Amino acid sequence: MEKKTVELLEVLERNGRIPVKMLAKMLNLEVDETENMINALEANNVILNYATVIDWSKAVSDEKVTAVIDVKVTPKRGVGFDEVAERIYRFPEVKAVYLMSGTYDLSVHIEGKTMTEIAQFVSAKLATIDSVISTTTHFMLKKYKHDGVVFEPKKEDKRIVVSP
């Protein structure tokens, strides 16, 4: 991949709302050339989505419950972990699935309305999959940073320091 394309992707990853004209100027490219690069990246599924990071605790009163579930599975011959990962990511509650190194094989990130709803998902849907050996569920208590965005930036210290 060309250096300018990588630069474009890095800028868009930080802020997908930058106007094409500004992007072109930042990259020393023509506007048409920049638009063509973006269109090609979208068509080739390099750019998959333009997402917004939202602090839901400030937007709604009934905040969602988020959990990370570590899943140990038995991989299937010929398809490895892919088949079970696909079964899991098809559930609408599932926001992300990652193949991991270490004790557990998959990391499943889900959202629900309550802890009980997530527990029900684990017991009724996840644990019943043939390849699943065991699960460990971790509930997120507070989000400090997500996708590079700090949720509660540290307030600047406004004390006046007097030196002797």
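Keep in mind that what you see is a predicted model, and the values were worked out from it rather than measured.

K.L.:
Can you tell me about the overall build of the protein, naming the residues and giving the values?
P.N.:
Within the protein, the secondary structure is distributed over six helices and six strands. When the helices and strands of the protein are read in sequence order from the N terminus, they spell out α-α-α-α-β-α-β-β-α-β-β-β. Scaling as 2.2 N^0.38, a compact globule of 164 residues should have a C-alpha radius of gyration of about 15 Å, whereas the protein reaches 21 Å, well beyond that. In terms of overall dimensions, the protein has C-alpha extents of about 55 × 55 × 35 Å along its principal axes. Expressed as a percentage of its 164 residues, the buried residues of the protein come to 26%. Here the analysis covers contacts within the protein between residues at least 6 apart in sequence; of these, 59% occur between residues at least 24 apart. Per element, the accessible surface of the protein, about 12500 Å² overall, is 52% carbon and sulfur.

K.L.:
Explain the nonpolar core to me, and be specific about the residues and the numbers.
P.N.:
Counting residues in hydrophobic clusters, the biggest one holds 18 residues, and the most contacted among them are Ile69, Val71, Ile88 and Ile110. When residues of this core are traced back to their parent elements, those giving at least two are β1 (65-73), α5 (82-89), β3 (106-112) and α6 (115-126). Those residues in contact with Ile88, other than ones at most four positions away along the chain, are Val94, Val97, Leu106, Val108, Leu126 and Ile129. One finds Ile18, Leu23, Ile38 and Ile47 within the second-largest nonpolar core, a separate group that totals eleven residues.

K.L.:
An account of the packing of helix α1 (residues 3-14) against helix α2 (residues 20-27) is requested, with residue identities and associated values reported.
P.N.:
Relative to each other, α1 and α2 sit at 130°, their axes nearing to 11 Å. With respect to each other, α1 and α2 are oriented oblique. Judged by the sense of rotation from one axis to the other, the crossing of α1 with α2 is right-handed. Touching Lys4, Glu7, Leu8, Val11 and Leu12 of α1 are Leu23, Met26 and Leu27, all from α2. Looking at the contact of α1 with α2 residue by residue, the classes come out as six nonpolar, no polar and two charged.

K.L.:
So what's going on with the confidence of the model for the protein? Residues and values would help.
P.N.:
Atom-level detail of predicted coordinates should not be read off regions where pLDDT is low. For the protein, the average pLDDT comes to 89, and 94% of its residues sit at 70 or higher. Within the protein, the element-level pLDDT minimum falls on helix α4 (residues 56-59), averaging 75, and the maximum on strand β2 (residues 94-99), averaging 97.

K.L.:
Talk me through the sheet that holds strand β4 (residues 132-139); I want residue IDs and the actual numbers.
P.N.:
Spatial ordering of the open sheet is given by β2-β3-β1-β4, a layout of four strands whose pairing is antiparallel. The open sheet has two free edges, formed respectively by β2 and β4, since each of these has just one partner strand. In this sheet, neighbouring strand axes are inclined to one another by 20° on average, regardless of whether the strands run parallel or antiparallel. Of the pairings in the sheet, the one linking β2 to β3 comprises five bridges and is antiparallel in character. Looking at the pairing, Leu99 lines up with Leu106 of β3. Sheet strands touched by α6: β1, β2, β3 and β4. Its angle to β1, the strand with the most contacts, is close to 20°.

What counts, and at which threshold
Residues numbered from 1 in each chain as written. Predicted model: local features only at pLDDT ≥ 70, side-chain atom pairs only at ≥ 80, totals over all residues. Heavy atoms only, no water. Helix = DSSP H or I, 4+ residues; strand = E, 2+ residues; numbered from the N terminus. Rg over C-alpha atoms; globule rule 2.2 N^0.38 Å. Buried < 20%, exposed > 50% of the residue type's maximum accessible area, 1.4 Å probe, protein only. Contact = heavy atoms within 4.5 Å. Areas by Shrake-Rupley, 256 points an atom, 1.4 Å probe, with all protein chains shown as cover. Core = buried A, V, L, I, M, F, W, Y, C linked by side-chain atoms within 4.5 Å. Axes fitted to C-alpha atoms, helices over the stretch in contact; angles between N-to-C directions. Parallel < 35°, antiparallel > 145°, perpendicular 65-115°, else oblique. Left-handed = near helix turned anticlockwise from the far one by under 90°. Nonpolar A, V, L, I, M, F, W, Y, C, P; charged D, E, K, R; others polar. pLDDT = per-residue confidence, 0-100. Pairing = 2+ DSSP bridges.

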